[in-house]
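# Topology and contacts: notes
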Amino acid sequence: MENKISELMFLTSSEESKKNYSELINRTVKAIVDSFVDKKAFAGLTPYDLKKAIHVEQVLPEQGVGMDKLFSLLQEKVLPNMLRTSSTDYMAHLHTLALCESIAAELIIATYNQSMDSWDQSPAATEIEVEVVKCLCKLYGYDETSGGCFTSGGSQSNQTGLLLARDWYCNTKLNHDVKKKGLPANYSKFRFYTSEISHFSMEKSSHLMGLGYDAVVKVPVDKNQKMDIEVLKSLIEKDVQDGNLPVCVVATIGTTDYGSIDDVAKISKLCKEYGMYLHADAAYGSAVIMSDKYNNRIGNLALCDSITVDFHKMFLQPISCSAILVKDDSLFEALTLHADYLNREEDEEDGYTNLVGKSLQTTRRFDALKVWMSFLLRGKEGYSSIINTCIENAKYFYDRVLSDSSFETIVEPEISSVVFRLSASDEINKLVRRKLIHQDGIVIGQTVFENKVYLKFTLLNPLVTHQKLDELIEEIKFLSKQ
Ligand SMILES: *Cc1c(COP(=O)(O)O)cnc(C)c1O
């Protein structure tokens, strides 16, 4: 029956189609809700057993299996083995549970399936993204000359930021139109500075821009895991003397492992002194702006020329949801290209906004709706209590491991990540993490610091309580002795 071309395949204005759509969505909701059988983050299967458990004979059968069979496969094989990000036993990565209203937004996004490249593919959606971007620019202290665009994630936002930095540098300092002519002859002298613990999207972006990993200068961090500004200054100075071209500094506002925050005020001064672009990778830390108590920890991001904001991290939005904000909106000119079939110049003169001119993507999701819905529903106050809870949980956990001789830790958290280890061998630390996954369905993080294995709690779930953290400490100690 599913193969007969009919309105039942889609949502249309017909009553039959509406009924069918509603039934399918309700059935899906029930299957999802029924799969939340316990509090665990993961059913615990090993990779080998999981491969067997999810296997179906043919992913593409000659004839479709029908809706009942489809749902039974989904409910037997897929849903029970999904990682449940809303579990308080999940704290491995900067990867979060999603707020309910933003899950509802996802249904709207998929149902209407707007594409953000041109106004005629997303009239209201385009105007909403523009409004959300305006609100974000204001939130971070930018004025009306600023702009922004939603992206697929922090990596793409960073890539966009670095590209705008490179083109700005070539246009203003070298009088070279890189968009038209490609890289200038002295491109191998370009330098981008970022801390040694910054995100690997810096190197990837540099490679993609034809500049290579060697253009990225890794600046050492101090004992608080923040970029060492004195060393940054001496590295820039040395590059100038060697005839290299300092283009940009990327400050990390919340490093992926520690949540440590680089000092934008000091870095901004250096950038002004040397005529450099300043990009803030605030993929993690951007949400701290919502906190009424801790918002000044991230510094004044308005000093930066562009800012990466990830909503699918601490803003608790479903993947994907991110934005790049740019202090001088005209820099987006670097990404603008007119196509006769899509974004004609004459349309833009008549007030039709075609957002493709600000994006590396063409077809693009209406992710801004999720932010619009969560911002309106919760207000700044609602977000503030979420962020405060996460920050305070991290401080509590840090104090607990600091005062317990079974553990070692590195740095007091500024946001919501705590890196620590059992005072035992690397092997025991690794084994404890594995046992947590497969015996208890608890998923925590692991990293390396000064050649030693560390464990990591990334506390983005505001449902985590102090009691829960106490229990986890006991469980980790118990497993280390098993
Ligand atoms: C997560 C993260 C990124 C990458 O963002 P994605 O959304 O995963 O692409 C970049 N920088 C930092 C500091 C991050 O924590």
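Each value, and the rule that gives it
- Residues numbered from 1 in each chain as written.
- Predicted model: local features only at pLDDT ≥ 70, side-chain atom pairs only at ≥ 80, totals over all residues.
- Heavy atoms only, no water.
- Helix = DSSP H or I, 4+ residues; strand = E, 2+ residues; numbered from the N terminus.
- Rg over C-alpha atoms; globule rule 2.2 N^0.38 Å.
- Buried < 20%, exposed > 50% of the residue type's maximum accessible area, 1.4 Å probe, protein only.
- Contact = heavy atoms within 4.5 Å.
- Lys, Arg positive; Asp, Glu negative; His and termini not counted.
- Charge placed at Lys NZ, Arg CZ, Asp CG, Glu CD.
- Pairing = 2+ DSSP bridges.
- Axes fitted to C-alpha atoms, helices over the stretch in contact; angles between N-to-C directions.
- Salt bridge = Lys/Arg side-chain N within 4 Å of Asp/Glu carboxyl O.
- Core = buried A, V, L, I, M, F, W, Y, C linked by side-chain atoms within 4.5 Å.
- Domains from an automatic or database assignment.
- Phe/Tyr/Trp six-rings, centres within 6.5 Å; stacked < 30°, edge-to-face > 60°.
- Lys NZ or Arg CZ within 6 Å of the ring centre and 35° of its normal.

Glancing now at the overall build of the protein chain. From N to C terminus, the protein chain includes 14 helices and 12 strands. Relative to the globule expectation of 23 Å for 482 residues, the C-alpha radius of gyration of the protein chain, 24 Å, shows essentially globular dimensions. Expressed as lengths along the three principal axes of its C-alpha atoms, the size of the protein chain is roughly 70 × 70 × 45 Å. Scored against the burial criterion, the 482 residues of the protein chain give a buried share of 50%. Of the contacts made within the protein chain by residues no fewer than 6 positions apart, 72% connect residues no fewer than 24 positions apart. Each charge sign in the protein chain was given a centre, from 53 positive and 67 negative side chains, and these centres are 5 Å apart.

The next point concerns the sheet that holds strand S8 (residues 322-326). Backbone-to-backbone hydrogen bonds join strands into a sheet, with any given pair of strands oriented parallel or antiparallel. Read from one edge of the open sheet, seven strands run S2-S8-S7-S6-S5-S3-S4, paired in mixed fashion. Strands at the two margins of the open sheet, each flanked by one partner only, are strand S2 (147-151) and strand S4 (216-219). Geometrically, the sheet is characterised by an average inter-axis angle of 20° between neighbouring strands, direction not taken into account. Here strand S6 (residues 277-282) pairs with strand S7 (residues 306-310) via four bridges, running parallel. Directly across from His279, in S7, lies its bridge partner Ser306. Contacts from helix H8 (residues 201-208) reach strand S3 (190-195), S4, strand S5 (245-252) and S6, with the element oriented near 165° to S4.

Moving on: the pattern of salt bridges. Counted under the stated rule, the structure contains 32 salt bridges. Salt-bridge contacts for Glu101 lead to Arg378; the nearest nitrogen and oxygen are separated by 2.7 Å. In this pair, Glu101 is assigned in helix H4 (residues 100-112) and Arg378 in helix H12 (residues 368-402), connecting sequence segments 277 residues apart. Close ionic contact of Asp257 with Lys456 constitutes a salt bridge, the shortest N to O distance being 2.7 Å. Of this pair, Asp257 sits in the loop between S5 and helix H10 (264-274) while Lys456 is found in strand S12 (residues 452-458), placing the two residues 199 residues apart along the sequence. Residues joined in a network through salt bridges with shared partners are Glu106, Arg365, Asp367 and Lys370.

Turning our attention to unusual backbone geometry. Backbone torsion omega between Ile319 and Ser320 reads -5°, so that peptide bond is classified as cis. Inspection of the secondary structure puts Ser320 in the loop between S7 and S8. Although it is not a glycine, Leu316 adopts a positive phi angle of roughly 60°. Along the chain, the position of Leu316 falls in the loop between S7 and S8. In this structure Leu316 comes out as buried when scored by relative accessible area, which is 2%. Even without a glycine there, the phi angle at Asn451 is positive, about 65°.

Bringing the pairing of S8 into the picture now. Of all five residues making up S8, five are buried, and the element is well covered by its neighbours. The alternating pattern of S8 places Ser322, Ile324 and Val326 on one face and Ala323 and Leu325 on the opposite face, and all of these are buried. Sheet analysis places S2 next to S8, joined by five bridges and oriented antiparallel. Counterpart to Cys149 in the pairing with S8 is Ile324. Of the strand pairs in this sheet, S7 and S8 are connected by five bridges, and their pairing is antiparallel. For Val309, the partnering residue across the bridge sits in S8 and is Ala323.

Let us look at the sheet that holds strand S9 (residues 407-409). The sheet built from five strands is open, its strands ordered S1-S11-S12-S10-S9 with mixed pairing. Of all strands in the sheet, those bounded by a partner on one side alone are strand S1 (90-91) and S9. Here four bridges tie strand S10 (residues 417-422) to S12, and the two strands are oriented antiparallel to one another. Across the sheet, residue Phe420 finds its bridge partner in S12, namely Leu455. Across the sheet, H12 is in contact with S9, S10 and S12; its angle to S10 comes to roughly 20°.

Glancing now at the nonpolar core. Nonpolar side chains tend toward joint burial in soluble globular proteins. If you look at the biggest cluster of nonpolar residues, it comprises 67 residues, and the most contacted ones within it are Phe150, Ile307, Phe311 and Met314. For this core, the domains that each give at least three residues are domain 2 (114-374) and domain 3 (379-479). Not counting residues within four places of it along the chain, the set of residues in contact with Ile307 comprises Tyr140, Tyr142, His279, Ala280, Ala282, Leu301, Ala323, Ile324 and Leu325. Formed by 27 residues, the second largest nonpolar core is a distinct cluster that contains Cys170, Met202, Tyr277 and Leu335.

Another aspect to go through is the packing of aromatic side chains. This structure, assessed with the given rule, holds 15 aromatic pairs. Ring centres of Phe311 and Phe315 lie 4.9 Å apart, and the angle between their planes is 50°; on these two criteria the pair is classed as tilted. Of the two residues, Phe311 and Phe315, both sit in the buried class. Judged by centre distance (5.6 Å) and plane angle (75°), the rings of Phe315 and Tyr383 are edge-to-face. With Phe315 in the loop between S7 and S8 and Tyr383 in helix H12, this pair connects stretches of sequence that are 68 residues apart. Summarising the burial analysis for this pair, Phe315 and Tyr383 share the class buried. For the cation-ring pair, Arg27 lies above Phe71, with the distance from its terminal atom to the ring centre recorded as 4.6 Å. The ring of Phe36 has Arg84 lying over it, and the distance from NZ or CZ to the ring centre is 5.6 Å.

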